[in-house]
Amino acid sequence: MPSIAVILAAYNGRRWIQEQIESIFAQSDVDVTLFVSVDVSADGTEALVERMAAADSRIVVLPHGQRFGGAAPNFYRLVRDVDFAAFDYVALADQDDIWLRDKLSRACHVLAAAGADAYSSNATAFWPDGRQMLIKKSQPQVKWDFLFEAAGPGCTYVLSRKLALEIQQHLRCKWDEVQSIGLHDWLFYAYARAHGYRWVIDDFSGIQYRQHAHNQVGVNAGLKAFLHRFAKIANGWGLTQAAKIAHMAGVAGDPFISRWANGSRAGLLCLGLHCYQCRRRFRDQVFFLLSCVLLSVLGKRKQ
(Lines give C-alpha, C1' and ligand atoms only; values in the text may rest on other atoms or scores of the structure.)
Protein backbone atom coordinates (compact mmCIF):
# COMPACT_ATOMS: atom_id res chain seq x y z
CA MET A 1 0.00 0.00 0.00
CA PRO A 2 1.20 3.56 -0.63
CA SER A 3 2.65 5.19 2.47
CA ILE A 4 1.36 8.70 3.11
CA ALA A 5 2.44 11.38 5.55
CA VAL A 6 -0.62 13.46 6.40
CA ILE A 7 0.24 16.86 7.88
CA LEU A 8 -2.48 18.55 9.95
CA ALA A 9 -2.38 22.13 11.26
CA ALA A 10 -4.66 22.74 14.25
CA TYR A 11 -5.84 25.69 16.32
CA ASN A 12 -8.71 25.64 18.83
CA GLY A 13 -9.97 22.54 17.06
CA ARG A 14 -11.03 20.32 19.95
CA ARG A 15 -14.67 20.30 18.83
CA TRP A 16 -13.98 18.66 15.46
CA ILE A 17 -10.44 17.30 15.32
CA GLN A 18 -11.18 13.82 16.64
CA GLU A 19 -13.76 13.18 13.91
CA GLN A 20 -11.30 14.48 11.32
CA ILE A 21 -8.51 12.19 12.56
CA GLU A 22 -10.82 9.19 12.66
CA SER A 23 -11.75 9.78 9.02
CA ILE A 24 -8.05 10.02 8.11
CA PHE A 25 -7.30 6.64 9.68
CA ALA A 26 -10.40 5.13 8.07
CA GLN A 27 -8.79 5.57 4.62
CA SER A 28 -8.78 2.43 2.52
CA ASP A 29 -5.77 0.81 0.83
CA VAL A 30 -3.15 3.27 2.12
CA ASP A 31 -0.73 3.31 5.05
CA VAL A 32 -1.10 6.63 6.89
CA THR A 33 1.08 8.40 9.47
CA LEU A 34 -0.37 11.63 10.83
CA PHE A 35 1.78 14.60 11.88
CA VAL A 36 0.01 17.29 13.93
CA SER A 37 1.14 20.83 14.73
CA VAL A 38 -1.02 22.82 17.15
CA ASP A 39 -0.95 26.60 17.30
CA VAL A 40 -1.24 27.64 20.98
CA SER A 41 -4.92 27.02 21.75
CA ALA A 42 -7.36 27.89 24.51
CA ASP A 43 -9.73 24.92 24.21
CA GLY A 44 -7.52 21.97 25.15
CA THR A 45 -6.62 20.91 21.60
CA GLU A 46 -3.03 20.14 22.66
CA ALA A 47 -4.13 17.82 25.44
CA LEU A 48 -6.60 16.01 23.20
CA VAL A 49 -4.09 15.27 20.45
CA GLU A 50 -1.52 14.16 23.04
CA ARG A 51 -4.03 11.65 24.43
CA MET A 52 -4.82 10.40 20.94
CA ALA A 53 -1.11 10.07 20.13
CA ALA A 54 -0.51 8.11 23.34
CA ALA A 55 -3.15 5.62 22.20
CA ASP A 56 -2.09 5.41 18.53
CA SER A 57 1.54 5.29 17.39
CA ARG A 58 0.52 6.47 13.92
CA ILE A 59 0.00 9.98 15.35
CA VAL A 60 3.10 12.14 15.77
CA VAL A 61 2.61 15.45 17.58
CA LEU A 62 5.18 18.17 16.97
CA PRO A 63 6.35 20.12 20.06
CA HIS A 64 3.79 22.59 21.36
CA GLY A 65 4.18 26.20 22.40
CA GLN A 66 4.54 28.11 19.14
CA ARG A 67 2.11 30.86 18.11
CA PHE A 68 1.67 30.92 14.35
CA GLY A 69 -1.28 33.26 14.00
CA GLY A 70 -2.72 31.47 10.98
CA ALA A 71 -2.91 28.20 9.09
CA ALA A 72 -0.20 29.07 6.55
CA PRO A 73 2.68 29.56 9.04
CA ASN A 74 1.58 26.38 10.81
CA PHE A 75 1.71 24.40 7.56
CA TYR A 76 5.07 25.95 6.72
CA ARG A 77 6.33 24.65 10.08
CA LEU A 78 5.02 21.17 9.28
CA VAL A 79 6.62 21.12 5.84
CA ARG A 80 9.91 22.36 7.26
CA ASP A 81 10.11 19.95 10.21
CA VAL A 82 8.54 16.64 9.13
CA ASP A 83 10.83 14.08 7.50
CA PHE A 84 9.11 13.00 4.27
CA ALA A 85 11.89 10.74 3.03
CA ALA A 86 10.24 7.46 4.08
CA PHE A 87 6.84 8.19 2.47
CA ASP A 88 5.49 7.85 -1.04
CA TYR A 89 3.18 10.86 -0.75
CA VAL A 90 2.39 13.84 1.47
CA ALA A 91 -1.20 14.98 2.05
CA LEU A 92 -2.52 18.12 3.76
CA ALA A 93 -5.39 18.08 6.25
CA ASP A 94 -7.46 20.67 8.04
CA GLN A 95 -8.68 20.03 11.57
CA ASP A 96 -12.41 20.08 10.99
CA ASP A 97 -13.30 18.17 7.81
CA ILE A 98 -14.47 14.62 7.15
CA TRP A 99 -12.67 12.52 4.55
CA LEU A 100 -14.45 9.86 2.50
CA ARG A 101 -12.83 6.45 2.76
CA ASP A 102 -11.37 6.46 -0.76
CA LYS A 103 -10.06 10.04 -0.74
CA LEU A 104 -6.36 9.11 -0.52
CA SER A 105 -6.47 5.84 -2.46
CA ARG A 106 -8.16 7.59 -5.37
CA ALA A 107 -5.56 10.38 -5.28
CA CYS A 108 -2.73 7.82 -5.41
CA HIS A 109 -4.39 5.98 -8.30
CA VAL A 110 -4.94 9.20 -10.28
CA LEU A 111 -1.35 10.33 -9.71
CA ALA A 112 0.07 6.99 -10.81
CA ALA A 113 -2.18 6.75 -13.87
CA ALA A 114 -1.38 10.31 -14.98
CA GLY A 115 2.32 10.20 -14.16
CA ALA A 116 1.76 13.36 -12.11
CA ASP A 117 3.35 14.70 -8.94
CA ALA A 118 0.48 16.64 -7.40
CA TYR A 119 -3.25 16.15 -6.91
CA SER A 120 -6.18 18.21 -5.74
CA SER A 121 -9.91 17.94 -6.21
CA ASN A 122 -13.33 19.40 -5.71
CA ALA A 123 -14.86 19.42 -2.24
CA THR A 124 -18.34 19.27 -0.76
CA ALA A 125 -19.02 22.10 1.66
CA PHE A 126 -21.50 21.46 4.44
CA TRP A 127 -23.05 23.66 7.11
CA PRO A 128 -24.51 22.94 10.59
CA ASP A 129 -28.04 23.46 9.23
CA GLY A 130 -27.61 20.53 6.82
CA ARG A 131 -26.94 22.51 3.64
CA GLN A 132 -24.39 21.12 1.21
CA MET A 133 -22.73 22.59 -1.88
CA LEU A 134 -20.21 21.19 -4.35
CA ILE A 135 -17.12 23.40 -4.58
CA LYS A 136 -15.98 22.77 -8.14
CA LYS A 137 -12.30 23.56 -8.79
CA SER A 138 -11.59 21.16 -11.64
CA GLN A 139 -11.95 23.60 -14.53
CA PRO A 140 -9.14 23.24 -17.12
CA GLN A 141 -5.87 24.79 -15.99
CA VAL A 142 -4.64 27.85 -17.86
CA LYS A 143 -1.19 29.32 -18.36
CA TRP A 144 -0.95 31.62 -15.32
CA ASP A 145 -3.78 30.49 -13.03
CA PHE A 146 -1.25 29.31 -10.43
CA LEU A 147 -0.26 32.92 -9.70
CA PHE A 148 -3.84 33.99 -8.96
CA GLU A 149 -5.60 31.04 -7.35
CA ALA A 150 -4.96 27.74 -5.63
CA ALA A 151 -5.67 24.31 -7.13
CA GLY A 152 -8.65 23.87 -4.82
CA PRO A 153 -8.84 23.60 -1.04
CA GLY A 154 -5.45 22.73 0.45
CA CYS A 155 -7.08 19.88 2.35
CA THR A 156 -7.48 18.04 -0.97
CA TYR A 157 -3.75 18.24 -1.85
CA VAL A 158 -1.61 15.14 -2.23
CA LEU A 159 2.03 15.60 -3.32
CA SER A 160 4.63 13.11 -4.45
CA ARG A 161 7.65 12.63 -2.22
CA LYS A 162 9.89 14.24 -4.85
CA LEU A 163 7.80 17.42 -5.02
CA ALA A 164 7.26 17.56 -1.25
CA LEU A 165 11.00 17.32 -0.58
CA GLU A 166 11.74 20.03 -3.14
CA ILE A 167 9.16 22.38 -1.61
CA GLN A 168 10.56 21.58 1.83
CA GLN A 169 14.08 22.51 0.77
CA HIS A 170 12.83 25.70 -0.85
CA LEU A 171 10.95 26.75 2.30
CA ARG A 172 13.99 26.11 4.45
CA CYS A 173 16.12 28.31 2.19
CA LYS A 174 13.46 31.06 2.00
CA TRP A 175 12.11 30.76 5.53
CA ASP A 176 11.85 34.46 6.38
CA GLU A 177 10.49 35.37 2.97
CA VAL A 178 7.75 32.75 2.97
CA GLN A 179 6.21 34.15 6.16
CA SER A 180 4.75 37.03 4.14
CA ILE A 181 2.71 34.68 1.95
CA GLY A 182 -0.69 34.20 3.53
CA LEU A 183 -1.99 31.13 1.68
CA HIS A 184 0.17 28.01 1.73
CA ASP A 185 -1.99 26.07 -0.76
CA TRP A 186 -1.68 28.85 -3.32
CA LEU A 187 2.11 28.90 -2.88
CA PHE A 188 2.53 25.12 -3.16
CA TYR A 189 0.47 25.02 -6.36
CA ALA A 190 2.44 27.92 -7.83
CA TYR A 191 5.80 26.35 -7.00
CA ALA A 192 4.84 23.03 -8.57
CA ARG A 193 3.46 24.54 -11.78
CA ALA A 194 6.32 27.04 -12.13
CA HIS A 195 8.85 24.20 -11.89
CA GLY A 196 7.22 21.99 -14.48
CA TYR A 197 5.51 19.49 -12.20
CA ARG A 198 2.29 18.03 -13.54
CA TRP A 199 -0.71 18.79 -11.33
CA VAL A 200 -4.04 16.98 -11.69
CA ILE A 201 -7.24 18.64 -10.45
CA ASP A 202 -9.71 15.78 -10.14
CA ASP A 203 -13.40 16.24 -10.97
CA PHE A 204 -14.29 14.35 -7.80
CA SER A 205 -15.11 15.26 -4.22
CA GLY A 206 -13.62 13.06 -1.53
CA ILE A 207 -14.06 15.44 1.36
CA GLN A 208 -16.82 16.95 3.48
CA TYR A 209 -15.54 20.52 3.87
CA ARG A 210 -16.98 21.82 7.12
CA GLN A 211 -18.17 25.44 7.19
CA HIS A 212 -18.55 27.28 10.49
CA ALA A 213 -18.03 30.69 12.07
CA HIS A 214 -14.33 30.05 12.77
CA ASN A 215 -13.11 28.99 9.30
CA GLN A 216 -9.96 30.93 8.46
CA VAL A 217 -10.56 30.32 4.75
CA GLY A 218 -13.96 28.99 3.80
CA VAL A 219 -16.20 28.83 0.76
CA ASN A 220 -16.48 31.93 -1.42
CA ALA A 221 -20.27 31.93 -1.26
CA GLY A 222 -22.73 34.56 -0.12
CA LEU A 223 -22.60 38.32 0.33
CA LYS A 224 -20.22 38.26 3.30
CA ALA A 225 -17.64 36.17 1.41
CA PHE A 226 -18.00 38.39 -1.66
CA LEU A 227 -17.43 41.58 0.33
CA HIS A 228 -14.40 40.08 2.07
CA ARG A 229 -12.94 39.02 -1.26
CA PHE A 230 -13.72 42.40 -2.83
CA ALA A 231 -11.99 44.26 0.01
CA LYS A 232 -8.79 42.25 -0.46
CA ILE A 233 -8.81 43.02 -4.15
CA ALA A 234 -9.60 46.71 -3.72
CA ASN A 235 -6.73 47.30 -1.29
CA GLY A 236 -4.26 45.49 -3.54
CA TRP A 237 -3.61 42.54 -1.21
CA GLY A 238 -4.29 39.92 -3.89
CA LEU A 239 -2.02 41.54 -6.45
CA THR A 240 0.79 41.92 -3.91
CA GLN A 241 0.46 38.27 -2.89
CA ALA A 242 0.57 37.20 -6.54
CA ALA A 243 3.78 39.18 -7.08
CA LYS A 244 5.36 37.68 -3.95
CA ILE A 245 4.35 34.18 -4.98
CA ALA A 246 5.81 34.76 -8.45
CA HIS A 247 9.07 35.74 -6.78
CA MET A 248 9.03 32.73 -4.43
CA ALA A 249 8.25 30.41 -7.34
CA GLY A 250 11.14 31.81 -9.36
CA VAL A 251 9.17 33.30 -12.25
CA ALA A 252 9.15 37.01 -11.30
CA GLY A 253 11.50 37.83 -14.16
CA ASP A 254 9.09 36.69 -16.84
CA PRO A 255 8.06 39.68 -19.01
CA PHE A 256 4.38 38.94 -18.46
CA ILE A 257 4.82 39.26 -14.69
CA SER A 258 7.20 42.21 -14.66
CA ARG A 259 4.63 44.27 -16.61
CA TRP A 260 2.10 44.27 -13.74
CA ALA A 261 4.09 43.38 -10.61
CA ASN A 262 4.82 47.03 -9.78
CA GLY A 263 1.12 47.89 -9.88
CA SER A 264 1.34 50.40 -12.72
CA ARG A 265 -1.91 51.41 -14.40
CA ALA A 266 -0.81 50.20 -17.82
CA GLY A 267 0.42 46.93 -16.35
CA LEU A 268 -2.88 46.29 -14.56
CA LEU A 269 -4.90 46.97 -17.68
CA CYS A 270 -2.65 44.62 -19.63
CA LEU A 271 -3.11 41.99 -16.92
CA GLY A 272 -6.88 42.38 -17.11
CA LEU A 273 -6.79 41.74 -20.85
CA HIS A 274 -5.07 38.41 -20.09
CA CYS A 275 -7.81 37.34 -17.66
CA TYR A 276 -8.42 34.20 -19.71
CA GLN A 277 -4.87 33.06 -18.84
CA CYS A 278 -5.15 33.93 -15.14
CA ARG A 279 -8.25 32.19 -13.80
CA ARG A 280 -9.77 28.82 -14.66
CA ARG A 281 -13.50 29.56 -14.37
CA PHE A 282 -15.16 31.98 -16.81
CA ARG A 283 -17.03 33.83 -14.07
CA ASP A 284 -13.74 34.36 -12.23
CA GLN A 285 -12.10 35.58 -15.43
CA VAL A 286 -14.74 38.31 -15.76
CA PHE A 287 -14.35 39.26 -12.11
CA PHE A 288 -10.57 39.30 -12.55
CA LEU A 289 -10.84 41.70 -15.52
CA LEU A 290 -13.10 44.05 -13.57
CA SER A 291 -10.78 43.87 -10.54
CA CYS A 292 -7.76 44.85 -12.63
CA VAL A 293 -9.66 47.82 -14.06
CA LEU A 294 -10.72 48.85 -10.54
CA LEU A 295 -7.17 48.62 -9.22
CA SER A 296 -5.87 50.64 -12.14
CA VAL A 297 -8.31 53.39 -11.17
CA LEU A 298 -7.73 53.24 -7.43
CA GLY A 299 -3.96 52.94 -7.77
CA LYS A 300 -3.70 51.00 -4.48
CA ARG A 301 -1.28 48.27 -3.62
CA LYS A 302 -0.96 46.72 -0.18
CA GLN A 303 2.65 45.82 0.69
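These remarks concern the structure in this document.

How each quantity is defined
- Residues numbered from 1 in each chain as written.
- Predicted model: local features only at pLDDT ≥ 70, side-chain atom pairs only at ≥ 80, totals over all residues.
- Heavy atoms only, no water.
- Helix = DSSP H or I, 4+ residues; strand = E, 2+ residues; numbered from the N terminus.
- Rg over C-alpha atoms; globule rule 2.2 N^0.38 Å.
- Buried < 20%, exposed > 50% of the residue type's maximum accessible area, 1.4 Å probe, protein only.
- Contact = heavy atoms within 4.5 Å.
- Areas by Shrake-Rupley, 256 points an atom, 1.4 Å probe, with all protein chains shown as cover.
- Axes fitted to C-alpha atoms, helices over the stretch in contact; angles between N-to-C directions.
- Parallel < 35°, antiparallel > 145°, perpendicular 65-115°, else oblique.
- Left-handed = near helix turned anticlockwise from the far one by under 90°.
- Nonpolar A, V, L, I, M, F, W, Y, C, P; charged D, E, K, R; others polar.
- Expected span 1.5 Å × (residues − 1).

### Some words on the overall build of the protein
Right, on to step 1. In terms of regular secondary structure, the protein is built from 12 helices and 9 strands.
Right, on to step 2. Here the C-alpha radius of gyration of the protein, 19 Å, is about what a compact globule of 303 residues would show, namely 19 Å.
Right, on to step 3. Taking all 303 residues of the protein together, the buried fraction comes to 55%.
Right, on to step 4. Taking as baseline every contact in the protein between residues at least 6 positions apart, the subset at least 24 positions apart corresponds to 79%.
Right, on to step 5. Counting only carbon and sulfur atoms, one obtains 55% of the accessible surface of the protein, whose full area is about 13,600 Å².

### Details of unusual backbone geometry
Right, on to step 1. Here the phi dihedral of Asn12 falls at roughly 45°; this positive angle occurs in a residue that is not glycine.
Right, on to step 2. With respect to the helices and strands, the residue Asn12 is situated in the loop between strand 1 (3-10) and helix 1 (14-25).
Right, on to step 3. In this model, Asp29 sits at a positive phi of 60°, which is unusual for a non-glycine residue.
Right, on to step 4. Within the element layout of this structure, Asp29 appears in the loop between helix 1 and strand 2 (31-38).
Right, on to step 5. Residue class for Asp29 comes out exposed when judged on its relative accessible area of 56%.

### Quick word on the packing of helix 7 (residues 184-194) against helix 9 (residues 237-249)
Right, on to step 1. The contact between helix 7 and helix 9 brings their axes to 9 Å, and the two run at 45°. Here helix 7 lies oblique to helix 9, going by the angle between them. In this structure, helix 7 crosses over helix 9, and the sense of that crossing is right-handed. Every residue of helix 9 that contacts helix 7 at Trp186, Leu187, Ala190, Tyr191 and Ala194 is listed here: Trp237, Gly238, Gln241, Ala242, Ile245, Met248 and Ala249.
Right, on to step 2. Its residues assigned to classes, the contact of helix 7 with helix 9 shows 10 nonpolar, 2 polar and no charged.

### Examining helix 9
At 3.6 residues per turn, the α-helix brings residues three or four places apart onto the same side.
Right, on to step 1. The end-to-end C-alpha distance of helix 9, which contains 13 residues, comes to 18 Å, matching closely the 18 Å that a straight helix rising 1.5 Å per residue would cover.
Right, on to step 2. The set of residues buried in helix 9 consists of Trp237, Leu239, Thr240, Gln241, Ala242, Ala243, Ile245, Ala246, Met248 and Ala249.
Right, on to step 3. In the segment just after helix 9, Gly250 is the residue with positive phi, at about 85°.

### Some points on the packing of helix 3 (residues 71-81) against helix 7
Right, on to step 1. Direction vectors running N to C along helix 3 and helix 7 enclose 50°, while the axes themselves pass 9 Å from each other. As far as their axial angle goes, helix 7 and helix 3 are oblique. Contacts between helix 3 and helix 7 pair Ala71, Ala72, Phe75, Tyr76 and Val79 from the former with His184, Leu187 and Phe188 from the latter.

Shape is all these values report; function is a separate question.
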